[in-house]
Amino acid sequence: MSDHINQNGGLCGDSELDALATSSTPPATPPSRLHHPKPDPKPPRRKARRTLSRAIRDRLTSDINALLAWQRPAAALDPNGIHQMRRATRRLRATLRLFRPTLDSLWAGSLFDEVRWLAHHLGTVRDLDVVREELFGPHPDAPDIEDEDNHNPHFNLLRDAFDENHRLARLALAETLSSRRYTVLLDKLREAARHPWLKGDAADPARKTLRRRVKKLADKVRNAHDALTLEPTDEAYHRLRRRAKDLRLGLDAAAPDIGRRKKVKRLDIRLSRLLAMLGDRQDAVVASRIVEVLADGLDPTHPPELHATVESLIDRQQPIILDADRQFPDAWRAARRACRDLLDSW
């Protein structure tokens, strides 16, 4: 046994060491890293795309939570609370429109009607809040006009009549938000967020379907603009505004799935500018109509003094309308270009 153990404690004898030393076979070398590169890293896992079912549940949950978050301020008749709750109802209705083909028609229609009922009461008060500021609010940039108004008995009569209508609308909203019908609606909304009634295509990927539906919304905007071009009435401007608002809210709901985030963002900005301008125009139109209605209620014969006051209040809205009409072509072209850029990229 000792003959086979070398002095260094190896397991080879002297003859074996000599044989290794004289061998023509080169000693083995460690493998080169150049010849054995590291394996390619695993490709990143693609994020699973949402189904229509998941997209619907996520959006309904977001919209309904937004509405519920503002119900207490709105019930206290806080103007901003009313405004924000009305915005939440608008978002919710836009969501129901966007996903309607995938929702049970009777279920979605019933929910849509109840949300529209709530939005009507919120919108009535919100519109009056805005119009009062436009018609009867302070004029810090024109103190002479404000002083003249305060000394005009017909102006004061119109303001008092408006305030009475405003008060009644606020009372009606308070009753609405404390009614049994509203309580039932809240229960329906909570249940809708958890268990929406879906159709068979709810398991389909959301991307292609939502792109197709966004294109339909864009077609409706274009059709509304074509109608406005043929007959540029106040109603046509307002109809275009509603269609553009539906498109913007539909884009917001579909954004997580349809891709092209930069292009979507650009279109959202352009639509926002267009809608702000059209919104100012519509507020001025509504203010003018409310003045006429108030005057008819005070005296249908419109005596000269009352008529002069009404005309003065209406004339103050005309610069807003004319300014919007001047801005509209450029704002429309910018929004149209952004919309085409997005749709063509699909």
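Okay, so let's go over this structure. All values derive from a computational prediction rather than experimental measurement. (Residues numbered from 1 in each chain as written. Predicted model: local features only at pLDDT ≥ 70, side-chain atom pairs only at ≥ 80, totals over all residues. Heavy atoms only, no water.)

### Some words on the packing of aromatic side chains
Okay, step 1: A complete count under the given rule lists five aromatic pairs for this structure.
Okay, step 2: Ring centres 5.4 Å apart and planes at 65 degrees place the aromatic pair Phe136 and Phe155 in the edge-to-face group. Note that Phe136 is positioned in helix α5 (residues 105–136) and Phe155 in helix α7 (residues 153–176), a separation of 19 residues in sequence. There is no split in this pair, since Phe136 and Phe155 are both buried.
Okay, step 3: The interplanar angle of 80 degrees and the centroid separation of 5.5 Å between the aromatic rings of Tyr237 and Phe328 together place this pair among those described as edge-to-face. Taken together, the residues span a long stretch of sequence, with Tyr237 in helix α10 (residues 234–258) and Phe328 in helix α13 (residues 318–344) at a distance of 91 residues. Summarising the burial analysis for this pair, Tyr237 and Phe328 share the class buried.
Okay, step 4: Here the aromatic cluster, defined as three or more aromatic residues joined through ring pairs, consists of Phe136, Phe155 and Phe162.
Okay, step 5: Positioned above the aromatic ring of Phe112, the side-chain terminus of Arg100 is 5.2 Å from the ring centre.
Okay, step 6: The aromatic ring of Trp117 is capped on one face by Arg181, whose charged end is 4.2 Å from the ring centroid. (Phe/Tyr/Trp six-rings, centres within 6.5 Å; stacked < 30°, edge-to-face > 60°. Helix = DSSP H or I, 4+ residues; strand = E, 2+ residues; numbered from the N terminus. Buried < 20%, exposed > 50% of the residue type's maximum accessible area, 1.4 Å probe, protein only. Lys NZ or Arg CZ within 6 Å of the ring centre and 35° of its normal.)

### Structural notes on the nonpolar core
Okay, step 1: Grouped together as the largest cluster of nonpolar side chains are 85 residues, with contacts concentrated most on Leu67, Leu118, Leu189, Leu251 and Phe328.
Okay, step 2: Considering each element in turn, this core owes the most residues, 13 residues, to α5. (Core = buried A, V, L, I, M, F, W, Y, C linked by side-chain atoms within 4.5 Å.)

### Section: α7
Every α-helical turn comprises 3.6 residues, leaving residues that sit three or four positions apart pointing alike.
Okay, step 1: In a regular helix each residue adds 1.5 Å, so 24 residues correspond to 34 Å; α7 covers 35 Å between its end C-alpha atoms and thus fits that length.
Okay, step 2: Buried residues of α7: His154, Phe155, Leu158, Arg159, Ala161, Phe162, His166, Ala169, Leu173 and Thr176, and no others.
Okay, step 3: Capping the start of α7 is the job of one residue whose side-chain oxygen sits 2.9 Å from the backbone nitrogen of His154: Asn152. (Expected span 1.5 Å × (residues − 1). Polar contact = N/O pair within 3.5 Å; in protein donor to acceptor, adjacent residues only side chain to side chain.)

### Brief notes about unusual backbone geometry
Most of the time, phi is negative for any residue but glycine, and the peptide bond is trans.
Okay, step 1: In the Ramachandran plot, Leu77 falls in the positive-phi region, its phi being about 65 degrees despite a non-glycine side chain.
Okay, step 2: Judged by relative accessible area, which is 17%, Leu77 ranks as buried.
Okay, step 3: If you check the backbone angles, Arg260 has positive phi at about 55 degrees while not being a glycine.
Okay, step 4: The exposure class of Arg260 is partly exposed, given its relative accessible area of 38%.

### Quick notes on the packing of α10 against α13
Axes are the key here: two packed helices are described by the angle between their axes and the distance separating the axes.
Okay, step 1: The interhelical angle for the contact between α10 and α13, taken along N-to-C directions, is 35 degrees, at an axis separation of 13 Å. In this structure, α10 meets α13 at a crossing whose hand is left-handed. Of α13, the residues touching α10 (which contributes Tyr237, Leu240 and Leu251) are Asp325, Phe328, Trp332 and Leu342.
Okay, step 2: Residues that form the contact of α10 with α13 fall into these classes: six nonpolar, no polar and one charged. (Axes fitted to C-alpha atoms, helices over the stretch in contact; angles between N-to-C directions. Left-handed = near helix turned anticlockwise from the far one by under 90°. Contact = heavy atoms within 4.5 Å. Nonpolar A, V, L, I, M, F, W, Y, C, P; charged D, E, K, R; others polar.)

### Here's the deal with the packing of helix α4 (residues 79–98) against α10
Okay, step 1: At their nearest, the axes of α4 and α10 sit 9 Å apart, and the two run at 75 degrees to each other. One element, α4, and the other, α10, form an angle in the roughly perpendicular class. Note on element contacts: α10 touches α4 through Lys245, Asp246, Leu249, Gly250, Asp252, Ala253 and Ala254, opposite Arg90, Arg91, Ala94, Arg97 and Leu98.
Okay, step 2: Residues that form the contact of α4 with α10 fall into these classes: five nonpolar, one polar and six charged. (Parallel < 35°, antiparallel > 145°, perpendicular 65-115°, else oblique.)

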